[in-house]
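Breakdown of the fold
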Amino acid sequence: MDATFSMEVPEEVVHVRDWVHEFAEDVIRPAAAEWDEREETPWPIIQEAAKVGLYTPDLFVQMAAEASGLGMLVVFEEMFWGDAGIALSVLATGLAAAALAANGTPEQLGEWLPQMFGTPDEPKLAAFCSSEPGAGSDVGAVRTRAVYDEAADEWVLNGTKTWATNGGIANVHVVVASVDPELGTRGQASFIVPPGTPGLSQGQKFKKHGIRASHTAEVVLDDVRIPGELILGGRERFEQRLAKIRSGQRTASQAAMMTFERTRPVVGAMALGIARAAYEYALQYACQREQFGKKIAEFQAIAFKLADMKSRIDASRMLVWRAGWMQRNNKPFSSAEGSMAKLFASETAVYVTDEAIQILGGNGYTREYPVERMHRDAKIFTIFEGTSEIQRLVIGRALTGLPIR
């Protein structure tokens, strides 16, 4: 019998959700403003998360395998409810882990997933490196090359990656590179670069509008040599896929797109957490703040804003949860449901945080109140892991079956 979608959260997921919410409320929120100002990776909080069991491969595996498909989504929503910058520092390893899960062999997963997280006493990070200075949304324009040196049984990587979360400070880097440029995205693969590999270095670290507690930088690859087995999925399987492509047969999505397809519902959950945090703060403020002798929530102008904010948040959650359930139950995104979830939730986060500032008025524009930071944090969600424009393109193509450009 086929599984059916339900909005009822399983008891074990409720337990994890409440535990993560408590951590976000007690540990993350009190530190949010400080780390936003410092624009540094919050290592003490990452270590605290590791010690309580929140930043571990075990939790990621447990939530990814959870039957309802909601486990990972509620973890990310609660963490980003706490603070987006800190949450991204704690959880961004999940993107590299998703690449490993999407493309890697069981042996690669067993060896490299623990190294991405480290230990509670010495936590580590991982980075997924896909975008390049000349290849953001245009994944087919990736210029980073991977050349196989048969005599040494090594891959040699050269190129520059940009916008890499944890780039340069990660223990393990997963790098998307082109093996056969003539095949475009179909000639690409993902590679594991182990810690301490010569030739990999951090380039420019970016000073950002939002999510400032999360490290974003360029990653430079200069004759980086890695063992032949560190192509995700194995060289033999990759060569078989290339042979099928060259003979005109259809194959599965290429490396970067397979990763993004898995993470779009999760990115939607991140945006949902920010939106919910801003809405809750604005609601509390509107029920306490008085003007003209009344609580400002008594005025239609404010009450209608709150109604629209809450409606969009709940609609976003339904789209995100549906996509998460579909993915967990191997239902194809025939109408680009993953892109729908990411698109609507990210634009909701921008809308809700903007309205929260409007409700707070001048106070909302100052750093004394958290909605200003939430608004800065929200904007990136309409840009990274596929801009809103790209999501609409994906949805449009899925609906029409036409090569929309």
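Residues numbered from 1 in each chain as written. Predicted model: local features only at pLDDT ≥ 70, side-chain atom pairs only at ≥ 80, totals over all residues. Heavy atoms only, no water.

Looking now at the pattern of salt bridges. On inspection of all chains with the given rule, the structure shows 24 salt bridges. A salt bridge links R317 to E77; the shortest N-O distance between them is 2.7 Å. With R317 in helix α10 (residues 300-328) and E77 in helix α4 (residues 71-82), this residue pair connects regions lying 240 residues apart in the sequence. Relative accessible area serves as the criterion here: at 15%, R317 is assigned to the buried category. The residue R235 makes a salt bridge to E239 at a minimum N-O spacing of 3.8 Å. Of this pair, R235 and E239 both sit in helix α8 (residues 235-246), four residues apart, which is roughly one turn of that helix. (Salt bridge = Lys/Arg side-chain N within 4 Å of Asp/Glu carboxyl O. Helix = DSSP H or I, 4+ residues; strand = E, 2+ residues; numbered from the N terminus. Buried < 20%, exposed > 50% of the residue type's maximum accessible area, 1.4 Å probe, protein only.)

On to the domain arrangement of the protein, then. Taken domain by domain, the protein consists of domain 1 (11-124), domain 2 (127-247) and domain 3 (255-400). Between domain 2 and domain 3, the C-alpha centre-to-centre distance is 31 Å. (Domains from an automatic or database assignment.)

On to the nonpolar core, then. Counting residues in hydrophobic clusters, the biggest one holds 113 residues, and the most contacted among them are M79, F80, M116, L157 and F191. The element contributing the most residues to this core is helix α9 (residues 255-288), with 14 residues. Other than its neighbours up to four places away in sequence, M79 contacts V20, F23, A24, I28, L54, A87, V90 and L91. (Core = buried A, V, L, I, M, F, W, Y, C linked by side-chain atoms within 4.5 Å. Contact = heavy atoms within 4.5 Å.)

Turning next to the packing of aromatic side chains. The description of two aromatic rings rests on the distance between their centres and on the angle between their planes. Taken as a whole and judged by the stated rule, the model has 13 aromatic pairs. A ring pair is formed by F76 and F80, whose centres lie 6.4 Å apart and whose planes are at 15 degrees; its orientation type is stacked. Separated by four residues within a single helix, F76 and F80 lie in helix α4, roughly one turn from each other. Exposure remark for F76: the relative accessible area of 3% places this residue in the buried category. Taking the relative accessible area as the measure of exposure, F80 reaches 2% and is therefore buried. Through pairs of rings, three or more aromatic residues link up here, namely Y55, F60, F76, F80, F117, F381 and F384. If you follow R29 out to its NZ or CZ, it ends over the ring of W81, 3.5 Å from the centre. Lying over the aromatic face of Y351, R312 brings its terminal NZ or CZ to 3.6 Å of the ring centre. (Phe/Tyr/Trp six-rings, centres within 6.5 Å; stacked < 30°, edge-to-face > 60°. Lys NZ or Arg CZ within 6 Å of the ring centre and 35° of its normal.)

Together, F5, M7 and M318 give the surface a local cluster of nonpolar side chains, amounting to about 260 Å² of exposed area. Mapped onto the elements, M7 comes out in the segment before α1 (11-38). What makes M7 partly exposed here is its relative accessible area of 36%. (Patch = residues over 30% accessible without salt bridge, like charges linked within 9 Å, V, L, I, M, F, W, Y side chains within 5 Å. Areas by Shrake-Rupley, 256 points an atom, 1.4 Å probe, with all protein chains shown as cover.)

This next bit is on unusual backbone geometry. Backbone geometry at W163 places phi at a positive 55 degrees, although glycine is not the residue there. Take W163: it is sitting in strand β3 (residues 154-165). In this structure, N166 takes a positive phi of about 70 degrees despite not being glycine. Note that N166 resides in the loop between β3 and β4 (172-178).

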